[in-house]
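Chain by chain, the residues run as shown.
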2 protein chains.
Amino acid sequence: MKIIEGGICAAQGFKANGIHCGIRKNKSKRDLSLIYSDVKCSAAAVYTTNLVKGAPIAVTKQNIADGYAQAVICNSGNANTCNANGVEIAQQMCELVAEKLSVSASDVVVASTGVIGEILDITPIREGIPALVEGLGDNSEYAAEGIMTTDTVKKEIAVSFEIDGKECRMGGIAKGSGMIHPNMATMLVFITTDCAVAPEMLQKALSSDIQDTFNMTSVDGDTSTNDMVTILANGKAGNTIIDKDDDNFKAFMKALNTVTVYLCRNIAADGEGATKLVECRVEGATSKEQAKIAAKSVICSSLVKAAMFGSDANWGRVLCALGYGVKDLDPTKVDVSFKSAKGEIPVCVNGAGVPFSEEIAKEILLEKEIEILVSLGDGEYSATAWGCDLTYDYVRINGDYRT
Amino acid sequence: MKIIEGGICAAQGFKANGIHCGIRKNKSKRDLSLIYSDVKCSAAAVYTTNLVKGAPIAVTKQNIADGYAQAVICNSGNANTCNANGVEIAQQMCELVAEKLSVSASDVVVASTGVIGEILDITPIREGIPALVEGLGDNSEYAAEGIMTTDTVKKEIAVSFEIDGKECRMGGIAKGSGMIHPNMATMLVFITTDCAVAPEMLQKALSSDIQDTFNMTSVDGDTSTNDMVTILANGKAGNTIIDKDDDNFKAFMKALNTVTVYLCRNIAADGEGATKLVECRVEGATSKEQAKIAAKSVICSSLVKAAMFGSDANWGRVLCALGYGVKDLDPTKVDVSFKSAKGEIPVCVNGAGVPFSEEIAKEILLEKEIEILVSLGDGEYSATAWGCDLTYDYVRINGDYRT
């Protein structure tokens, strides 16, 4: 398996586009994206666990209940959530794009992201769809841009892998930035592949993978109302269809995990206002669950996040976050180190501070990718979580988001 | 019952002091506080639920296990937590002050607040205690200053109430600011009263009261390692001792609640970097528990907090926080209003936005005390939680706390 150029159009048979249709005021910002496969795809998705759900979630759930889809329409600038007519508008989005593409409206995945609680006007979408469809092509980049909100960089990746001697490809795009928190999907991610996978195995792969990827990523602790991860598999690679948990399935899972970990890391690194990717790796836990809770508690702590912004080796805050987050913690067995491209520095052994050079620690923490390494010293399980620092810009961006 | 001048020295028989002994570099900042009763007191306390606990917690627990205490010693500038010799130092603090006061070391409550994981040097404390004791007097203010960390204002209150025809008084001081989050005590609070209360009823009163006060207060979601609320009752008011759950106990509870709600509101309003007190009142819940979870979820949301900083009536974030925080929520029954001294404005009815004047909403949200009023429309229970906005200064303060 190797990482290749491109994004969601790397797999055979997929085209994409993204345009500015007018939902957003800024005309240089694309706000409507489309992904299209020239044949019907196995489809799977996971959704936010927030009980306040965007209307598109309900419509998408219904549309892929049969395990198949052929297109994805997504707008930014408005979440179409907490609106009386939200479901109606989401359905209209599906119908308009289905008509133009000559596919069934029930084979369209629909998603929205942006402000909650403002009516989504269908007019610019209706007027934009002809140009959106006409421009379909090798335009993963445009689609990636069209789903961005406060994201500062587009997030896309593609990989190549082999199943049955056939080259398969998989690509993904993501939007993240704010309201990013486990569980679940807490961002918009669209993945395409030409690998042939039965719908139930596609869902199994996705539902399993997110436990260690998107569910371990947090920017601000707010689980969004709208988010979903979807994957479309159109089978054009020509491999024997994956319909059971065999070696081919494992190879597929590995490719999927490469795509999702890349997107998680990039979502965290581009968290609202973030200047740093913060990765917490926890080892020595008594269970997988304990390891995951520990890693998430550290990356979610506002005080740890602010310390990372200040490149301050304030490991006491890591201990504090472990102490309130993890049940059955034995603080006297906990070790903590900080690590980056500049090296690694142990700061706490057996729950107590050890002498260290503040100068070297600072140099390590001034890097753009920081690892917080925690050993609980109590077992064999490990987990990794991804987050970012808490900065002035997070406050600026969210202090006046709507106006 | 009425609010009176003063703090922890308002009740008969209590003296206090606070000095700069040298734990902190800034010589104008008091860093060592003492509270003393001239007779032994019934004593009760509640402690942080963080599994990483400061050494003083262990020593205090042991010292008041018999239900009695006579003095409180507290330093700021160092939390005496995650240190190999922490318990030894905390015990020495008790011994040094006990010797000077001619009380038993096992009747001293000890507390520390500040940086985690740095050895607490006993030298300045040892050298400071003589002056600290000699200066004991009507100095609640000095004691309140001595326990402050990043607090910008001291927090003290006193009330007068009647039990059995006798005037009783109660006063409290608090330090809050950062690492403030339920559960539990998540701040340092010392309360004194001359009311006569048996130790077990004092503990019952405190343990019950905090469920709706300190456990409903959050600044940044980080539950501290060191915090405690203690109350000393020396009986000098001369009332018949409260030793059962009768009308006198209820009157005592009411006085206690007045003191604790005042301190909670002031801790929230003076949260690190805060410019506003944010109070969330939830009504119409199916249970007390649901109401409390809903109120806490709203005041803990980084996005809600940032919107309050920007005086932005972004009610969608309130809905979002309810949706991920509250089980069994019916979003279609939720109403939300914003309220302040400038008026009240409904922004969401039955889970959907209603037209409102952004101008009036802004005027309401520009005030220093904001209420977010939520009705879940599903039952009879209610709860209130206190928090603050998320600001640039929170990031500045915590980005470089140690250096």
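No experiment lies behind these values; they were computed from the predicted model shown.

Structural notes on the overall build of chain A
Reasoning step 1: The secondary structure content of chain A amounts to eleven helices and 15 strands.
Reasoning step 2: Relative to the globule expectation of 22 Å for 403 residues, the C-alpha radius of gyration of chain A, 21 Å, shows essentially globular dimensions.
Reasoning step 3: The dimensions of chain A, computed from C-alpha atoms along their principal axes, are 70 × 55 × 35 Å.
Reasoning step 4: Look at the contacts in chain A between residues 6 or more apart in sequence, and 80% of them connect residues 24 or more apart.

A word on the sheet that holds strand S13 (residues 352-353) of chain A
Residue and element names in this part refer to chain A.
Reasoning step 1: What the six strands build is an open sheet, ordered S13-S12-S11-S14-S10-S15; its pairing is mixed. Whereas interior strands pair on both sides, the edge strands pair on one side only; in this sheet they are S13 and strand S15 (381-388).
Reasoning step 2: Note: strand S11 (residues 335-340) against strand S14 (residues 369-375), five bridges, orientation antiparallel. Each bridged residue has a counterpart across the sheet, and for Ser337 the counterpart in S14 is Leu373.

With respect to the domain arrangement of chain A
Residue and element names in this part refer to chain A.
Reasoning step 1: For chain A, the assigned domains read domain 1 (2-269) and domain 2 (277-399).
Reasoning step 2: Between the C-alpha centres of domain 1 and domain 2 there is a distance of 32 Å.
Reasoning step 3: With twelve residues of domain 1 at the interface, the matching set in domain 2 holds 14 residues.
Reasoning step 4: Along the lines of polarity and charge, the residues of the side of domain 1 that touches domain 2 split into six nonpolar, five polar and one charged.

What about the sheet that holds strand S12 (residues 343-349) of chain B?
All names here are of chain B.
Reasoning step 1: Reading across from one edge, S13-S12-S11-S14-S10-S15 is the order of the six strands in this open sheet, with mixed pairing throughout. If you trace the sheet from one side to the other, it starts and ends with strand S13 (352-353) and strand S15 (381-388), each paired once.
Reasoning step 2: Where S12 and S13 come together, two bridges link them in antiparallel fashion. The residue of S13 that forms the bridge with Cys348 is Gly353.
Reasoning step 3: Contacts from helix H10 (residues 358-365) reach strand S11 (335-340), S12 and strand S14 (369-375), with the element oriented near 55° to S11.

Observations regarding the packing of helix H8 (residues 302-309) of chain A against helix H11 (residues 392-399) of chain B
Reasoning step 1: Interaxial distance between H8 of chain A and H11 of chain B falls to 7 Å at its minimum, and their mutual angle equals 75°. Relative to H11 of chain B, the element H8 of chain A is oriented roughly perpendicular. Seen from H8 of chain A, the contacting residues are Leu303, Ala306, Ala307 and Phe309 of chain A; seen from H11 of chain B, they are Val395, Asn398 and Gly399 of chain B.
Reasoning step 2: By residue class, the composition of the contact of H8 of chain A with H11 of chain B is five nonpolar, two polar and no charged.

What to know about the environment of Thr149 of chain B
Residues and elements named next belong to chain B.
Reasoning step 1: Its location among the elements puts Thr149 in the loop between helix H4 (140-146) and strand S6 (155-163).
Reasoning step 2: Residue classification places Thr149 among the buried residues on the basis of 21 C-beta atoms within 10 Å.
Reasoning step 3: Remark: the alpha-carbon pair of Thr149 and Gly86, spanning 63 residues in sequence, is separated by 20 Å.

Digging into the nonpolar core
Reasoning step 1: Leu34 of chain A together with Leu34 of chain B are the most contacted members of the largest nonpolar core, which has 288 residues in total.
Reasoning step 2: Residues within four places of Leu34 of chain A in sequence aside, it is in contact with Ala16, Asn17, Ala71, Val72, Ile73, Val97, Leu132, Val133, Leu136 and Ala143 of chain A.

Digging into the packing of helix H7 (residues 288-300) of chain A against helix H9 (residues 316-325) of chain A
Residue and element names in this part refer to chain A.
Reasoning step 1: Contact geometry for H7 and H9: axes closest at 8 Å, N-to-C directions at 130°. With respect to each other, H7 and H9 are oriented oblique. Where H7 crosses over H9, the handedness of that crossing is right-handed. On H9, the residues that touch Ile293, Ala294, Ser297 and Val298 of H7 are Val318, Ala321, Leu322 and Gly325.
Reasoning step 2: Here the contact of H7 with H9 is built from residues that sort into six nonpolar, two polar and no charged.

Quick look at the confidence of the model for chain A
Caution applies to low-pLDDT regions: their predicted coordinates should not be interpreted in detail.
All names here are of chain A.
Reasoning step 1: Across chain A, pLDDT averages 91, with 95% of residues at or above 70.
Reasoning step 2: Segment residues 182-186 is flagged for pLDDT under 50; beyond a separation of four residues in sequence, or across chains, it makes 31 contacts in the model.
Reasoning step 3: Under the prediction, the complex receives an ipTM of 0.73, its pTM being 0.79.

A look at the environment of Gly77 of chain B
Residue and element names in this part refer to chain B.
Reasoning step 1: Looking at where Gly77 falls in the secondary structure, it is placed in the loop between strand S4 (68-76) and helix H2 (86-101).
Reasoning step 2: Owing to 24 C-beta atoms within 10 Å, Gly77 belongs among the buried residues under this scheme.
Reasoning step 3: Excluding residues that lie within four positions of it along the chain, Gly77 makes contacts with Ile23, Arg24, Asp31 and Gly114.

Observations regarding unusual backbone geometry
Residue and element names in this part refer to chain B.
Reasoning step 1: Phi is positive for Cys82, close to 60°, though the residue is something other than glycine.
Reasoning step 2: Mapping Cys82 onto the fold places it in the loop between S4 and H2.
Reasoning step 3: Of note in this structure, Asn350 is not a glycine but carries a positive phi near 55°.
Reasoning step 4: With 14 C-beta atoms counted inside 10 Å, the residue Asn350 sits in the partly exposed group.

Here is what the cut-offs are and how they apply
- Residues numbered from 1 in each chain as written.
- Chains lettered and ligands numbered in written order.
- Predicted model: local features only at pLDDT ≥ 70, side-chain atom pairs only at ≥ 80, totals over all residues.
- Helix = DSSP H or I, 4+ residues; strand = E, 2+ residues; numbered from the N terminus.
- Rg over C-alpha atoms; globule rule 2.2 N^0.38 Å.
- Contact = placed C-beta atoms within 7 Å.
- Pairing = 2+ DSSP bridges.
- Domains from an automatic or database assignment.
- Nonpolar A, V, L, I, M, F, W, Y, C, P; charged D, E, K, R; others polar.
- Axes fitted to C-alpha atoms, helices over the stretch in contact; angles between N-to-C directions.
- Parallel < 35°, antiparallel > 145°, perpendicular 65-115°, else oblique.
- Buried ≥ 20, exposed ≤ 12 C-beta atoms within 10 Å, placed from the backbone.
- Core = buried A, V, L, I, M, F, W, Y, C linked by C-beta atoms within 7 Å.
- Left-handed = near helix turned anticlockwise from the far one by under 90°.
- pLDDT = per-residue confidence, 0-100.

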